[in-house]
Amino acid sequence: MYSFDFARPTSVADAVAALGQEDAQALSGGQTLIPTLKQRLASPSVLVSLSAIADLKGVSAEGGTLSIGAGTTHATVAAEAGAYPALAELAGQIGDPAVRNRGTIGGSIANNDPSACYPAAALGSGATIVTNSREIAADDYFQGMFTTALEEGEIITAVRFPIPEKAAYIKFQQPASRFALVGVYVSKGAGGVRVAVTGASNDGVFRWSEAEAALAGDFSAGAVEGLAAPSGADMISDLHGSGDYRAHLVKVLTKRAVAKANG
Amino acid sequence: MKTTLTVNGEAHEVTHDPRRSLLDTLRDDLRLTGTKKGCDHGQCGACTVLLNGERVNSCLCLTAMHDGDEVTTIEGIGSPERLSALQKAFVEKDGYQCGFCTPGQIMSATAMLREISEGAPSYVSDDLEVPKLTDTEMAERMSGNLCRCSAYPLIREAIAMASEVSQ
Ligand SMILES: Cc1cc2nc3c(=O)[nH]c(=O)nc-3n(C[C@H](O)[C@H](O)[C@H](O)COP(=O)(O)OP(=O)(O)OC[C@H]3O[C@@H](n4cnc5c(N)ncnc54)[C@H](O)[C@@H]3O)c2cc1C
Ligand code: FES
Ligand code: FES
């Protein structure tokens, strides 16, 4: 690691102030950032740990909305997000138990790894990303691989999910890390049908609009059957699978996710 | 900088660089070398300790984040004269070959048996109310702890044995 200073504020306001310093960076669970620092792929001047800010932690459900503090761990979401079972199930399948005891939803959404699970849930549910200064709709928030609408020094404080009538996430997992080789999140609720895909595109999480249109009239696996899989030309190609293979998985997993959502 | 930790019931104040991982603090500053460094990147589980009772990879914790926290390492759950039920079962069942992953396996299993006893389901649980300690359930719940020697079947037998003892 390159050297850095360390701050551990206890309020959002103090964290935002500390992040105002040049090249400061937020640290949440550290499950992504600490390995990145060890590989010398990041060189913050000061790390601002969010772990001592009580206001960033907790899960609450009210009037059809589930709010999760940015500093809430995957293990806590798995255990406490019973009001939105598809989301709780997704959280319980991230990495392994030790990773889930440290990694947080805010860190995952801020990082926007193209193979991460939470971005699919946020986009696939039409969630709202709440920061210290504004609220951002998931549709505007995710802007490509590792790229988001967050400004320099802005921190996520919470993620708000409208609880849909039906939802499911299916992940074809990379067996070692459990990241999504491809993951599909479908939901049907007041805002219509959403199909969000992670792990596949070089542009990060995206909505498969053809499938959404087909499912809007007929929310069944059969409605997806007749569609052509999205093009594999721009999809991630690596030792785990080619772009065409991932494109194929998008369609297969969408059908399975719809069937699962229908119970 | 300075951080105060309670490790295996004993308070320690350590002076360290902000870059220090909890794993390096335990091994190099406190000389508790039972906790192992396999990958140093959160992939193998050799460095598993209990942090405020929950299992974590100590290589992915910065000591600076844990002022005031409680840590339990393999040295804190038993001694050669007084082995914990899991430690005894690993010896009895030969739940290892080289032994490098063993402290992490035992710490992780210690937390896992508690999680099951509290009724926490995993995504492979058939019964969400009362999860059972099947092989599938154990494999899933121990998925963060790799064993390069592939002693997995005996590790599971040891965990099953220890869980019977504790019931
Ligand atoms: C072995 C292993 C397996 C994994 N498997 C999976 C998996 O199956 N699926 C999956 O989705 N993920 C997986 N992960 C990643 C894991 O979920 C991480 O916890 C997550 O990506 C980052 O969360 P964190 O809290 O650890 O963030 P950190 O590592 O602390 O931070 C990540 C980034 O987010 C920024 N940040 C953190 N919090 C905020 C905030 N509140 N506001 C603004 N910026 C912030 C940081 O500055 C940093 O750039 C895995 C990780 C490991 C080590
Ligand atoms: S050394 Fe920490 S997980 Fe491998
Ligand atoms: S016993 Fe050798 S790594 Fe597990």
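Residues numbered from 1 in each chain as written. Chains lettered and ligands numbered in written order. Predicted model: local features only at pLDDT ≥ 70, side-chain atom pairs only at ≥ 80, totals over all residues.

Colleague: How should the overall build of chain B be read in this particular structure?
Modeller: On a plain count of helices and strands, chain B comes out with six helices and five strands. Sequence-ordered secondary structure for chain B, helices as α and strands as β, is β-β-α-β-β-β-α-α-α-α-α. (Helix = DSSP H or I, 4+ residues; strand = E, 2+ residues; numbered from the N terminus.)

Colleague: Hey, could you run me through the nonpolar core in this one?
Modeller: Soluble globular proteins tend to pack their nonpolar side chains together in the buried interior. Residues A:Leu87, A:Val159, A:Val182, A:Val184, A:Val197 and A:Ala257 are the most contacted members of the largest nonpolar core, which totals 125 residues. In this structure, A:Val182 is in contact with A:Phe172, A:Val197, A:Gly199, A:Ala200, A:Arg246, A:Leu249, A:Val250 and A:Leu253, ignoring residues within four places of it in sequence. (Core = buried A, V, L, I, M, F, W, Y, C linked by C-beta atoms within 7 Å. Buried ≥ 20, exposed ≤ 12 C-beta atoms within 10 Å, placed from the backbone. Contact = placed C-beta atoms within 7 Å.)

Colleague: Mind showing me how you'd approach the sheet that holds strand E7 (residues 135–137) of chain A here?
Modeller: Backbone hydrogen bonds hold the strands of a sheet together, and the pairing may be parallel or antiparallel. All names here are of chain A. Taken in spatial order, the five strands of this open sheet run E4-E5-E8-E6-E7, and their pairing is antiparallel. Among the strands making up the open sheet, the edge pair consists of strand E4 (59–62) and E7. In this sheet, neighbouring strand axes are inclined to one another by 20° on average, regardless of whether the strands run parallel or antiparallel. Pairing of strand E6 (residues 128–131) with E7 involves three bridges; the strand directions are antiparallel. Its bridge partner lying in E7, Ile129 is registered against Ile136. (Pairing = 2+ DSSP bridges. Axes fitted to C-alpha atoms, helices over the stretch in contact; angles between N-to-C directions.)

Colleague: Even after reading the chapter, I still don't get the domain arrangement of chain B, so can you show me in this structure?
Modeller: One frequently used descriptor of interface size is the decrease in accessible area upon assembly of the parts. All names here are of chain B. Partitioning chain B into structural domains gives domain 1 (2–77) and domain 2 (85–166). On a C-alpha basis, the centres of domain 1 and domain 2 stand 22 Å from each other. Domain 1 puts 14 residues into the contact, and the matching count from domain 2 is 12 residues. The set of elements that each furnish at least two residues to the side of domain 1 that touches domain 2 consists of strand E3 (48–51), strand E4 (54–57) and helix H2 (74–77). The leading source of residues in the side of domain 1 that touches domain 2 is E3, at three residues. (Domains from an automatic or database assignment.)

Colleague: Is there a simple way to think about the interface of chain A and chain B in this case?
Modeller: Between chain A and chain B, the contact holds 22 residues from the first and 23 residues from the second. Examining the composition of the side of chain A that touches chain B, we find that five residues originate from one element, helix H5 (residues 97–102) of chain A, more than from any other. When grouped by side-chain class, the residues that make up the side of chain A that touches chain B number nine nonpolar, eight polar and five charged. (Nonpolar A, V, L, I, M, F, W, Y, C, P; charged D, E, K, R; others polar.)

Colleague: I'm lost on the site of ligand 1 in this one. Help?
Modeller: Taken together, 33 residues lie near ligand 1, and A:Gly29, A:Gly95, A:Gly103, A:Gly107 and A:Ala110 sit nearest. The local environment of ligand 1 is shared, drawing residues from chains A and B. For the shell around ligand 1, the elements supplying multiple residues, two or more each, are strand E2 (24–27) and helix H6 (105–111) of chain A. (Near = placed C-beta within 6 Å.)

Colleague: Hey, could you run me through the UniProt feature "domain: FAD-binding PCMH-type" (unreviewed entry) in chain A in this one?
Modeller: UniProt feature "domain: FAD-binding PCMH-type" (unreviewed entry): in the numbering of this structure it lies at residues 1–166 of chain A. The annotated region residues 1–166 of chain A carries 32% helix and 21% strand content, and the separation between its end C-alpha atoms amounts to 45 Å. (UniProt positions renumbered as here; feature names shortened; annotations may be inferred.)

Colleague: How should I be thinking about the sheet that holds E3(B) in this particular structure?
Modeller: Residues and elements named next belong to chain B. The five strands are arranged E2-E1-E5-E3-E4 in an open sheet whose pairing can be described as mixed. Each edge of the sheet is formed by a strand with only one pairing partner; in this case those strands are strand E2 (10–15) and E4. The average angle at which neighbouring strand axes cross in this sheet is 40°, direction not considered. Two strands pair when backbone bridges link them, and strand E1 (residues 2–7) and strand E5 (residues 70–72) are joined in this way by two bridges, in the parallel orientation. Across the sheet, Thr6 pairs through a bridge with Glu70, a residue of E5.

Colleague: Sorry if this is basic, but what is going on with the domain arrangement of chain A here?
Modeller: All names here are of chain A. You can read the domains of chain A as domain 1 (5–49), domain 2 (54–162) and domain 3 (166–261). Taking the mean C-alpha position of each, domain 1 and domain 2 sit 19 Å from one another. The partner domain 2 presents 14 residues to the 11 residues of domain 1 that form the contact. The biggest single contributor to the side of domain 1 that touches domain 2 is helix H1 (residues 12–19), with four residues. Residues belonging to the side of domain 1 that touches domain 2 are distributed by class as follows: five nonpolar, six polar and no charged.

Colleague: Where do I start with the confidence of the model for chain B in this structure?
Modeller: Low-pLDDT stretches of the model should not have their predicted coordinates read in fine detail. Per-residue confidence for chain B gives a mean pLDDT of 95, with 99% of residues at or over 70. With a pTM of 0.97, the predicted complex shows an ipTM of 0.96. (pLDDT = per-residue confidence, 0-100.)

Colleague: When you look at the pairing of strand E8 (residues 156–162) of chain A in this model, what are you seeing that I'm missing?
Modeller: In summary, the side chains of a regular strand alternate between the two faces of the sheet. All names here are of chain A. The buried fraction of E8 amounts to five of the seven residues, a majority that puts the element mostly inside the structure. As defined by bridge partners, strand E5 (residues 65–69) adjoins E8 across five bridges and the pair is classed as antiparallel. Bridged to Thr65 within E8 is Pro162. Relative to E8, E6 is paired through four bridges, and the arrangement is antiparallel. Bridge pairing in E8 places Thr128 opposite Arg160.

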